[in-house]
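# Observations on chain architecture
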Amino acid sequence: MTTLLVRDADVLVTMDGQRREIPGGGLFVRDGVIEAVGPTPELPATADEVIDARGTLVMPGLVNTHHHMYQTLTRALPGAQDSELFGWLKALYPVWERLTPEMLHVSTQLAMAELMLSGCTTSSDHLYLFPGACRLDDTLEAAATMGLRFHAARGAMSVGESKGGLPPDSLVESEEAILADTERLIARWHDPGRFAMQRIVVAPCSPFSVSPGLMRDAAMLARRHGVHLHTHLAENDKDIAYTREKFGCTPAEYAEDLGWLGPDVWHAHCVKLDAAGIAAFARTGTGVAHCPGSNMRLGSGIAPVRALRDAGVPVALAVDGSASNDGGHLLAEARRGLLLQRVGFGATAMSAREMLEIATLGGARVLGRDDIGTLAPGMAADFIGWRLDGLATAGALHDPVAALLLCDPPALALNVVAGRARVRDGELTGVDLPSLVHRHNGLAARLRQAA
C-alpha cells in the first residue's frame, strides 16, 4: 500500500457538497484513493510521498467531455480556416482520409499532453472515421502510455454523399461492421468499475452522417452493455435545417424519437437547442458538452448554458476538436465559456466558480462517474495544482479561485491522476515532450502532403 500527502496549499478547492475552500489545506491519499481532506494540521504528518503545495491552488482535476484528438494533426489548415461547420468538414474530409494508425496513436498522445498540462485528468475522445487499418484501439493504446483517465467514444459514419450525407463515401462504414466492432471494443476495453481508467462510449457521429436505424441500434446496444451514448447535436443553423429537411423535426425531437435522451446520454454543442429541447433534456437528465472555443471559431453561436443550467440540464465543458478549436487548453476553454455566457446573456450570467463547477463536477456527472470531480474521502485522487506566484494572478490573490478564470491561465504546477503525479513542477513526467512534438509535426506534414 502506498500513501501520498499533499500539504499546505494556499487554498484547496474541494468542490464537495459544501463547496469548501480550505486555506492551508491538503489531502491524504492511499492507493490512489483520497482518505482525508482538510486543513494540513488535521491530516497525517507523514506518507510515502509528500508534496509541499505552498504557493499553489489545489483543486479537482478538470474533465474534458468532447474531443477529436486526431485533429491536432490538421490545426489551422489552409482552406478550412474561415469556414462554418459544413464547409470546414468538406475541406478536411479529404485530408483525414489519409490517416494512419501511427497518426492516431501519436496525435492522441500529443492531445493528452496538452490536456494534462492544462489541468485535465479525465477526457473523452470521439473518433468517428477509420480509414485504412485505423482502429479505436490505436487511441486506447496511446492513452495507456499517458496515464489520463479515458472515455473512448467509438464514433461512426454510415451515410455518405451518395445517400444524401455529408461525408465522402470513402469514409463511411457498413452499419453491421460498426455495431460488431463496437461490441468487440466493449468486450476488450470497457471497465465498468469504480476508478476505471478506460471506458468505451457508443457514439455514431451526427444526424447528417448516420441513419436513424443505426442511431436506434446503437442506443439498444449501449443499453444492453450498460455503456454511455454520445453524439453531436444542434450545433449550428445548417445542422437544424438538415434535420428538419431530412426528418421533419427538430434535433431534440429526433434524438428523443430514437431513444437518444436519458441520463446515459450526452450531446456535444447544443448551440441551437430550443426551449422545448431544453425541457426534454432536463426531464430526461440528458447531458450537454459545451464547446465554446469551437463554437466561436466556426461561428456557430453561443450555447444557452445559462438556460440549460437553470432548467436542470447536466452541463459539462469540452475543448472539441483541435482543428475546430486549434487548441486543447482546458482551463483556457473554461475562461472562454465564462466570458461567452456573459457576452450572450449579461455580466451576471455566469460566475467563475460556477464555470469551475461545470468543468469538474459537471464533467463527472455527464460521463456517469461518481468517483471524480470532487476532493473528498472515497473519491479518486485526481487533482491539480496551479501556481499563484506568477504574472497571471499578480494582484488577484485576494480571490485566487475567481482569478483562475477572470485572469489569464496561470502555470500548472501539478497534475495527479489516481494518486500518481503526471505533471510535476510544470513538466510532464515520463514523457519526452520535445520528441513527441517533433514526431507529431512530422506526421502532420506527411498527412498534408499525402492529401
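Residues numbered from 1 in each chain as written. Predicted model: local features only at pLDDT ≥ 70, side-chain atom pairs only at ≥ 80, totals over all residues. Heavy atoms only, no water.

Another aspect to go through is the environment of Phe 28. Following the sequence through the fold, Phe 28 ends up in strand β2 (residues 21-30). For the pair Phe 28 and Thr 40, spaced 12 residues apart in sequence, the C-alpha to C-alpha distance is 9.5 Å. With sequence-adjacent residues up to four places away left out, Phe 28 is seen in contact with Thr 3, Leu 4, Leu 5, Val 33, Ile 34, Glu 35, Ala 36, Pro 44, Thr 46 and Ala 47. (Helix = DSSP H or I, 4+ residues; strand = E, 2+ residues; numbered from the N terminus. Contact = heavy atoms within 4.5 Å.)

Enumeration over the complete set of coordinates arrives at eight aromatic pairs. Note on Tyr 242 and Phe 247: the rings are 6.4 Å apart at their centroids and 70° apart in plane angle, and the pair reads as edge-to-face. Of the aromatic side chains, those joined through ring pairs into one cluster are Tyr 70, Trp 88, Tyr 93, Trp 96 and Tyr 128. The cationic tip of Arg 154 hangs over the ring face of Phe 130; the distance from NZ or CZ to the ring centre is 4.2 Å. Lying over the aromatic face of Trp 189, Arg 188 brings its terminal NZ or CZ to 4.0 Å of the ring centre. (Phe/Tyr/Trp six-rings, centres within 6.5 Å; stacked < 30°, edge-to-face > 60°. Lys NZ or Arg CZ within 6 Å of the ring centre and 35° of its normal.)

Their axes nearest at 11 Å, the elements helix α4 (residues 175-189) and helix α5 (residues 212-225) cross at an angle of 15°. With respect to α5, the axis of α4 lies roughly parallel. Crossing hand, α4 versus α5: right-handed. Residue-level inspection shows Glu 175, Ile 178, Leu 179, Thr 182, Glu 183 and Ile 186 of α4 in contact with α5, the latter providing Leu 214, Asp 217, Ala 218, Leu 221, Arg 224 and His 225. (Axes fitted to C-alpha atoms, helices over the stretch in contact; angles between N-to-C directions. Parallel < 35°, antiparallel > 145°, perpendicular 65-115°, else oblique. Left-handed = near helix turned anticlockwise from the far one by under 90°.)

Counting buried positions over the eight residues of strand β8 (residues 149-156) gives eight, a clear majority of the element. Residues Arg 149, His 151, Ala 153 and Gly 155 of β8 are buried on one face, and the alternating residues Phe 150, Ala 152, Arg 154 and Ala 156, pointing to the opposite face, are buried as well. Examined bridge by bridge, strand β7 (residues 120-127) and β8 share six bridges and lie parallel to one another. What sits directly across from Leu 127, in β8, is Arg 154. On the question of chirality, the crossover connecting β7 to the parallel β8 by way of helix α3 (residues 136-146) is right-handed. Regarding topology, α4 serves as the crossover connection from β8 to the parallel strand β9 (residues 198-204), and that connection is right-handed. (Buried < 20%, exposed > 50% of the residue type's maximum accessible area, 1.4 Å probe, protein only. Pairing = 2+ DSSP bridges. Right-handed = clockwise from strand over helix to strand, strands pointing away.)

The subject of this paragraph is the nonpolar core. Here is a general trend for soluble globular proteins: nonpolar side chains tend to be buried in one another's company. Among the nonpolar cores identified, the biggest contains 116 residues, and Trp 96 and Leu 99 are the most heavily contacted of them. For Trp 96, the contacting residues outside a window of four places in its chain are Tyr 70, Gln 71, Thr 74, Trp 88, Leu 89, Tyr 128, Leu 129 and Pro 131. In terms of nonpolar packing, the next biggest core, distinct from the first, is built from 20 residues, Leu 12, Ile 34, Val 58 and Met 379 among them. (Core = buried A, V, L, I, M, F, W, Y, C linked by side-chain atoms within 4.5 Å.)

All right, on to the pattern of salt bridges then. Tallied over the full model, the rule gives 34 salt bridges. Among the salt bridges present, the one from Arg 306 reaches Glu 354, with a minimum N-O distance of 2.8 Å. Separated by 48 residues along the polypeptide, Arg 306 in helix α10 (residues 305-311) and Glu 354 in helix α12 (residues 352-366) bring together distant segments of the chain. (Salt bridge = Lys/Arg side-chain N within 4 Å of Asp/Glu carboxyl O.)

Here helix α1 (residues 85-96) is 12 residues long and its end C-alpha atoms lie 16 Å apart, about the 16 Å a rise of 1.5 Å per residue gives. Those residues of α1 not exposed but buried are Leu 85, Phe 86, Trp 88, Leu 89, Leu 92, Tyr 93, Val 95 and Trp 96. Buried positions in α1, seen along its axis, are confined to an arc of 165° and lie on one side of it. Close packing links the buried residues of α1 with α6 (237-247), α9 (292-297) and α14 (433-450). You can read the cap of α1 off the contacts: a side-chain oxygen lies 2.9 Å from the backbone nitrogen of Phe 86, and it is on Glu 84. (Expected span 1.5 Å × (residues − 1). Arc of directions from axis to C-beta. Polar contact = N/O pair within 3.5 Å; in protein donor to acceptor, adjacent residues only side chain to side chain.)

Turning our attention to the packing of helix α11 (residues 330-345) against α12. In the contact formed by α11 and α12, the axes pass within 10 Å of each other and the chain directions differ by 130°. Our classification of the angle between α11 and α12 gives oblique. As for the relative orientation of α11 and α12, their crossing is right-handed in sense. Contacts from Leu 331, Ala 334, Gly 337 and Leu 338 in α11 reach Ala 352, Met 355 and Leu 356 in α12. Each residue belonging to the contact of α11 with α12 can be placed in one class, and the counts come to six nonpolar, one polar and no charged. (Nonpolar A, V, L, I, M, F, W, Y, C, P; charged D, E, K, R; others polar.)

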